[in-house]
Amino acid sequence: MTATLDRPSVPAAQKRTVTPARVALHVFLVLTCLVTLAPLLWAVYASLRTYDDTSVNGYFSIAKSLTLDNFAKAWEVGDLPHFYWNTFLITVPALVVTLLLSSMVAFGVSRFSFRFNLVLLMVFTAGNLLPQQVIVTPLWRLYRLIEVPEWISGSGSLIDSPVGVVLIHIAFQSGFCTFVLSNYMKTIPYELTEAARVDGASVFRQYWQLTLPLCRPVLAALATLEFTWIYNDFLWALVLIQDGDKMPVTSALQNLKGTFFTDNNLVAAGSLLVALPTLVVFFVLQRQFVGGLTLGATKG
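To keep things clear, this report deals only with the structure shown in the data block. In this convention, every chain numbers its residues from 1, walking through the sequence in written order. Only residues with pLDDT of 70 or above have their local features reported here, since the model is predicted, and side-chain atom pairs are shown and tallied only from 80 upward, although totals for entire chains, interfaces and linings are computed over all residues. For the side-chain quantities, the full set of heavy atoms in the structure was used; hydrogens and water were omitted.

Right, let's get into the overall build of the protein. Scanning the protein for helices and strands turns up 13 helices and zero strands. Helix and strand definitions follow DSSP, with helices as H or I runs of at least four residues and strands as E runs of at least two, each counted in order from the N terminus. Starting at the N terminus and ending at the C terminus, the protein contains elements arranged as α-α-α-α-α-α-α-α-α-α-α-α-α. Here the radius of gyration uses the C-alpha set of atoms, whereas the globule reference equals 2.2 Å times the residue count to the power 0.38. Rg of the C-alpha trace for the protein: 26 Å, well past the compact-globule value of 19 Å for 300 residues, more than 25% over. Expressed as lengths along the three principal axes of its C-alpha atoms, the size of the protein is roughly 80 × 75 × 35 Å. Each residue is assigned to one of three classes by its accessible area relative to the maximum for its type, calculated with a 1.4 Å probe on protein chains only: buried under 20%, partly exposed between the two thresholds, exposed over 50%. Taken over 300 residues, the protein has a buried fraction of 36%. Counting contacts in the protein only where the partners sit at least 6 residues apart, residues at least 24 apart contribute 72% of the total. Note on contacts: a residue pair is in contact if any heavy atoms of the two residues lie within 4.5 Å.

So, about helix α9 (residues 203-214). In this model α9 runs 16 Å from its N-terminal to its C-terminal C-alpha over 12 residues, within 8% of the 16 Å that 1.5 Å per residue would give. Looking at the buried residues of α9, the elements they touch are α4 (80-111), α7 (162-185), α8 (190-198) and α10 (216-232). Take the residue count of a helix, subtract one, and multiply by 1.5 Å to get its expected span.

Here α10 spans 24 Å end to end across 17 residues, near enough to the 24 Å set by a 1.5 Å rise per residue. Considered for burial, the residues of α10 that qualify are V218, L219, A220, A221, L222, A223, T224, E226, F227, I230 and Y231.

Our next topic: the nonpolar core. Ranked by size, the top nonpolar core spans 53 residues in total, and within it L80, Y143, I168, C215, W236, L240 and V249 carry the most contacts. Listing elements by their share of this core, those giving two or more residues are α3 (69-77), α4, α6 (136-145), α7, α9, α10, α11 (235-240) and α12 (264-284). Among all residues touching Y143, those that are not within four sequence positions of it are S157, L158, I159, G164, L167, I168 and L240. Take the buried residues of types Ala, Val, Leu, Ile, Met, Phe, Trp, Tyr and Cys, join any two whose side-chain atoms come within 4.5 Å, and each joined set is a nonpolar core.

Our focus in this paragraph is the packing of α10 against α12. The geometry of α10 relative to α12 is characterised by a closest axis approach of 10 Å and an angle of 175 degrees between their N-to-C directions. As the angle between them shows, α10 and α12 are arranged roughly antiparallel. Residue-level contacts link T224, F227, T228, Y231 and N232 of α10 to V274, P277, T278, V281 and F282 of α12. Polar here means any residue outside two lists: the nonpolar Ala, Val, Leu, Ile, Met, Phe, Trp, Tyr, Cys and Pro, and the charged Asp, Glu, Lys and Arg; Gly therefore counts as polar. Here the contact of α10 with α12 is composed, by residue class, of six nonpolar, four polar and no charged. Interaxial angle, 0 to 180 degrees, is taken between N-to-C directions of lines fitted to C-alpha atoms, where a helix line uses only the stretch in contact. By definition in this entry, angles of less than 35 degrees are roughly parallel, angles greater than 145 are roughly antiparallel, angles of 65 to 115 are roughly perpendicular, and the rest are oblique.

Pairing is possible between side chains that carry opposite charge, provided their charged atoms lie close to one another. Salt bridges are counted wherever a side-chain nitrogen of Lys or Arg sits within 4 Å of a carboxyl oxygen of Asp or Glu. Per the stated rule, a full pass over the model turns up two salt bridges. Across the pair R49 and D53 runs a salt bridge whose closest N-O atoms are separated by 3.4 Å. Take D53: its relative accessible area is 8%, and that puts it in the buried class. In this structure, the salt-bridge partner of D160 is K246, at a minimum N-O distance of 3.8 Å. Of this pair, D160 sits in the loop between α6 and α7 while K246 sits in the loop between α11 and α12, and the two are 86 residues apart along the sequence. Its relative accessible area of 11% is what places D160 among the buried residues.

So this is what it looks like as C-alpha cells:
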C-alpha cells in the first residue's frame, strides 16, 4: 500500500496571469529605465575613449580602444582632492547642523501642544516656497555688512567664506527637514514620552535618548537627500565665494576646459569623479533610505 501526496492547490487569485496590460507595463518600465540611464552610460563610454578617437570617428561610433587615462588626468588637472575638501567643509557642517536643528524644532512642535504650534511649523515650511534666486542680491548685500574675524573670512565679512554658504544651506533646508521629521515624530506613541517623563527624564533626555534613536530611518533618508542637494549646489558658492580656490568641487569641471577647445572625454571623466561621492553615500545608506521612504506605507 503506497501513500500518495497531493500537491496543494494554488488559489486562482494567487496565480500570476500574463496579460497584455502587464506586458505593456514591463516594456514601459524597461524603456523608461534605459532612457534614464542612457546619459550616464554614454558619459561612462565617452570617458573611456581618447580625444583622438572621438575627433576622428565622432562620438557616435565604436571605440577602437578604451582607457582609464582620462580619469587620472581629470584627477590631476582638475585638482579634485583640493576641491573635494572645500566641498567637505561646506556639505558636512551644513548637513549635521540642519538635521540637528530641524529635529529639535520637530520634537517641539510634535510632542508638545501650545498655541502657536502649527504656526511655527508653517513658518519653517514656508521657506521652501520661496525661490532661492529671489534673495540673491539682498543676501549678498547683507553678507557684505556682517563683519567676521579674519580667521573665518579674509574679506572681513561673510562674503568669500564657507561659513556663509553653510548658513544659507541651513536656512533653506531646515524647513523641509522639519516638516518631514515632525510628521514622523507624530507617529511615535505619546505613551513613550509620558513614561519617560514619569521616570524623571528631562525634556532634552526625551529628545536625545528616546526620540532621536527611533527616528534613525527617517534621519538616514533625509541625510541622503540633503547630502545630494547640498553637494550638487553651485548657485550659492558662485554668488558668495569670490576666491576660486575656495569653490566646491562642482566648479572643478571648469578647470578641465581649455581656452580654444574642450576635451569632452576628459570632462565626462571629471563629471563621473565629481558625482562619485553622492553615489557612495546612497549605496551606503541605501537600506535606511528606502526604509525611510516607505515609512507609514503600511499599517499593522
